Amino acid sequence: MIKFVGAGPGDPELITVKGMKALQDAEVVLYTGSLVPKELLKWCQEGTIIENSADMSYEDIFSFIKKYAQNKFVRLHTGDSSIYSTIAKQIKFLRSENIDFEIIPGVTAAFGAAASAGIEYTIPGVSQTLIISRIEGRTPNPESLEQLLSNKHSSFAFYLSISLIQKLKETAYKLGYSKDTPCWVVEKATWSDEKIYKATISTIQEQVLHVKGVALIMFGKFLHQNSTAESHLYADKYKQESQRKSKSL
């Protein structure tokens, strides 16, 4: 049985309880060493076979998995394995080999970054839609950046795009976004050396020229975090209506 475990965005304590238990029970662990904090491996029992996949090819990974498929095997990915993790290709291999697997979700960087920055993506009257994407570089994106940014009342979280922030700036201007539209960068979200850069689309680039590693770009008016609209969930009128309905039942 292969268990894909989301390690969380960086803080070792942000792994789920289920993910932690999988590591404690594992006989073999294959982890993404360039992104997963080594502190997470403290949950492994003595004698566990631990391998870093950072320098492995797909063929190497598949051979390693096949070799230990009969063991209690954890494939430890950063964040949540459903987002930018190459899990689909690995699962395709497992199915071709009739190897059972389970997926244990984790906290993705967009949510770790939001927590660190103290913000909400869905602000009433401003944005009720979160778009998670990446700016096209060497890896193709079926949707152009123009198409993505045309959703002007959405909140944006861009992964793997820190070197393409100039492209975000140029496209935003082209589509009529104002120069003071908020644009923040969270470098190494939830890690001990995390850094948050708060600026606008016109000024952010000069602040993050030195950032080369893992970083998330947040973009949109939602970052102002101010709105006159109320969430109906806690509005007095909504609560009163709910109370009347429950009494009538």
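This structure is a prediction, so every number in the text was calculated from the model and none was measured.

Caption draft 1: Summary view of the pattern of salt bridges. Under the definition given, this model contains 5 salt bridges. A salt bridge links K72 to D25, with the nearest nitrogen and oxygen atoms 3.4 Å apart. Placement of K72 in the loop between α2 (58-67) and β4 (73-77) and of D25 in helix α1 (residues 17-25) is noted, with a sequence separation of 47 residues between them. Since its relative accessible area comes to 37%, D25 is described here as partly exposed. A salt bridge links E97 to K66; its shortest N-O distance comes to 3.4 Å. Separated by 31 residues along the polypeptide, E97 in the loop between α3 (87-96) and β5 (101-104) and K66 in helix α2 bring together distant segments of the chain. Assessed through its relative accessible area of 31%, E97 is described here as partly exposed.

Caption draft 2: Region of interest: the nonpolar core. In this structure, L149, F158, L168, V185 and F219 are the most contacted members of the largest nonpolar core, which totals 23 residues. Of all elements in the fold, only α5 (145-149), β7 (155-159), α6 (165-174), β8 (182-187), β9 (195-200) and β10 (215-219) reach the threshold of two or more residues within this core. Ranked by size, the runner-up nonpolar core spans 17 residues in total, among them A110, A113, W184 and L223.

Caption draft 3: Here's a closer look at the packing of α2 against α3. Contact pair α2 / α3: the axes reach a minimum separation of 11 Å and the direction vectors enclose 45°. The orientation of α2 with respect to α3, classified from their angle, is oblique. Judged by the twist between their axes, the crossing of α2 over α3 is right-handed. Between α2 and α3, the residues in contact are Y58, I61, F62, I65 and K66 and K89, Q90, F93 and L94, respectively. Looking at the contact of α2 with α3 residue by residue, the classes come out as 6 nonpolar, 1 polar and 2 charged.

Caption draft 4: Region of the structure containing the side chain of T108. Here T108 is to be found in the loop between β5 and α4 (109-117). Residue class for T108 comes out buried when judged on its relative accessible area of 5%. In terms of polar contacts, T108 uses its side chain to reach the side chain of Y159, at 2.5 Å. When residues no more than four places from it in sequence are discounted, the contact partners of T108 are P9, G79, D80, I83 and Y159.

Caption draft 5: Representation of the pairing of strand β1 (residues 2-6) within the structure. Of all 5 residues making up β1, 4 are buried, and the element is well covered by its neighbours. Here 5 bridges tie β1 to β4, and the two strands are oriented parallel to one another. Counterpart to V5 in the pairing with β4 is L76. In the sheet, β1 pairs with β5 via 4 bridges, with the strands oriented parallel. Along β5, the bridge assignment pairs V5 with I104.

Caption draft 6: Molecular detail of α2. Within α2, burial applies to I61, F62, F64 and I65. End-on, the buried residues of α2 take up no more than an arc of 165°, which puts them together on one face. Exposed side of α2, more than 90 degrees from the buried face: E59 and K67 are the residues found there. Of the surrounding secondary structure, the elements contacted by the buried residues of α2 are β1, β2 (28-31), β3 (49-52), β4 and α3.

Criteria and cut-off values
- What you see as residue numbers is a count from 1 along each chain, following the sequence as written.
- Given that the model is predicted, a residue must reach a pLDDT of at least 70 before its local features are reported, and side-chain atom pairs must reach 80 or more before they are shown or counted; all residues, however, enter totals for whole chains, interfaces and linings.
- The side-chain values count all of the structure's non-hydrogen atoms but skip hydrogen atoms and water molecules.
- Should a side-chain nitrogen of Lys or Arg be within 4 Å of a carboxyl oxygen of Asp or Glu, the pair is scored as a salt bridge.
- We count a stretch as a helix when DSSP gives it H or I for four or more residues in a row; a strand needs E for two or more, and each element gets its number in order from the N terminus.
- Burial status follows relative accessibility: with a 1.4 Å probe on protein chains alone, a residue under 20% of its type maximum counts as buried, one over 50% as exposed, and anything between as partly exposed.
- Each nonpolar core is a collection of buried residues, namely Ala, Val, Leu, Ile, Met, Phe, Trp, Tyr and Cys, held together in the definition by side-chain atoms within 4.5 Å.
- Axes here refer to lines fitted to C-alpha atoms; in helices the fit is confined to the stretch in contact. Angles between the N-to-C directions go from 0 to 180 degrees.
- Relative orientations are named as follows: roughly parallel for angles under 35 degrees, roughly antiparallel for angles over 145 degrees, roughly perpendicular for angles from 65 to 115 degrees, and oblique for any other angle.
- Here is the rule for handedness: rotate from the far helix to the near one, and if that takes an anticlockwise turn smaller than a right angle the crossing is left-handed, while a clockwise turn gives right-handed.
- Contacts are assigned to residue pairs with any non-hydrogen atoms lying within 4.5 Å of each other.
- For this scheme, ten residues count as nonpolar: Ala, Val, Leu, Ile, Met, Phe, Trp, Tyr, Cys and Pro. Four count as charged, namely Asp, Glu, Lys and Arg, and the remainder, Gly too, count as polar.
- Counting of polar contacts relies on pairs of N or O atoms within 3.5 Å, with two restrictions inside protein: one atom must be capable of donating a hydrogen and the other of accepting it, and residues adjacent in sequence are counted only when both atoms are side-chain atoms.
- Pairing between two strands is assigned when DSSP locates at least 2 bridges connecting them.
- Working definition: the arc comes from the directions between the helix axis and the C-beta atoms, pointing outward to the latter.

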